[in-house]
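Fold and contact review
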Amino acid sequence: MEDDLENISPKEFSLLDVYNAFKKYSYFFYILVPSGFIIAFITSSLITPLYSSDILIANNSEADDASSSAIGGLASLAGIQLPQTNSKAVSSLAMLNSRTFLKSFIKEYELKEKLFPEQWNETSNTWSGKEPSDIGAVGELKKILDIKKKEGGLVEIIVTTYDSDLSVFIANNIVFYFNDYMRKAAIEESEQLIKFLEKEVVSSSLTEVKARIFSLIKENIADKSLANVRQEFVYKIVDEAYKSNYPSFPNKFQINIIGAILGLFFAAFFSLVLHFFRNLN
């Protein structure tokens, strides 16, 4: 018995054996490769296509360092505490991606129905169940927004939705509305600051302080006038968004090729396994 076991030696398989295995079980390739392609094609057809639109913008706001210095000097002379502006505390990008702004944007353009198409009944113009919350709508909007910093201070905003018209609409209008949103906030801020400075100039008895207050009032009036006429208040559009006629996802060609490759892999695997196991004895 021991002699019989010693005479058994493992078989070696060459490339010729692999070729013979593929040739003998070639029907696996005829069946699995087309099947993989067909399954991939059906899968890619069932996936809801997504369309992307991107807009390229550049920062168009000018930092008011001179005014900030003047305000600081004024405060040191007279102990005046001036209100801090939001633009100094929060960057433009942070404000653009903030829940406060996005909530206002959704409300302004009535986007909630577009963000929850499955829950909105277009026939009756009613919600199927409870209306989604504003915070929920902001969360959905953030999912389709991709804000990227680019070289040279540029910013790219990519919007990806199930509707190409909706993608380009959001991409272009979010920049337009943000500029208008920040412009109105700056005008209101300037008006409040002017009223504040006018009160201070009356209460102050120092000639030097009064002169600096009048200078600040003049600067804020100029800033207010500029904000009234400058439409691209914070961001200037470098390259506007355009409607995409082709989905960004899924890549049907790529999925079909992957399906065919997987079919090829499984055909080769089954051919080799069957051939080697049947030739072990």
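Residues numbered from 1 in each chain as written. Predicted model: local features only at pLDDT ≥ 70, side-chain atom pairs only at ≥ 80, totals over all residues. Heavy atoms only, no water.

Moving on, we get to the side chain of Ser 271. Mapping Ser 271 onto the fold places it in helix α12 (residues 252–278). Ser 271 sits in the buried class, given a relative accessible area of 0%. A polar side-chain atom of Ser 271 sits 2.7 Å from the main-chain carbonyl oxygen of Ala 267. (Helix = DSSP H or I, 4+ residues; strand = E, 2+ residues; numbered from the N terminus. Buried < 20%, exposed > 50% of the residue type's maximum accessible area, 1.4 Å probe, protein only. Polar contact = N/O pair within 3.5 Å; in protein donor to acceptor, adjacent residues only side chain to side chain.)

In this section: the environment of Glu 232. With respect to the helices and strands, the residue Glu 232 is situated in the loop between α11 (207–229) and β6 (235–239). For Glu 232 and Val 175, which are 57 residues apart along the polypeptide, the C-alpha to C-alpha distance reads 8.8 Å. Residues in contact with Glu 232, not counting those within four places in the same chain, are Asn 60, Asn 179 and Ile 237. (Contact = heavy atoms within 4.5 Å.)

For the rest of this paragraph, the subject is the pattern of salt bridges. According to the stated counting rule, one finds 8 salt bridges in the structure shown. Here Lys 112 and Glu 131 are joined by a salt bridge, their closest N and O atoms 3.2 Å apart. With Lys 112 in helix α8 (residues 112–115) and Glu 131 in the loop between β3 (126–127) and α9 (134–144), this residue pair connects regions lying 19 residues apart in the sequence. On the basis of relative accessible area, Lys 112 is assigned to the buried category, the value being 11%. With its nearest N and O atoms 2.6 Å apart, the salt bridge here joins Arg 183 to Asp 180. Of this pair, Arg 183 and Asp 180 both sit in helix α10 (residues 164–203), 3 residues apart, roughly one helical turn. In this structure, Arg 183 and Asp 180 share a single accessibility class: buried. Each of the salt bridges in this network shares a partner with another, and the network as a whole consists of Lys 112, Glu 131 and Asp 134. (Salt bridge = Lys/Arg side-chain N within 4 Å of Asp/Glu carboxyl O.)

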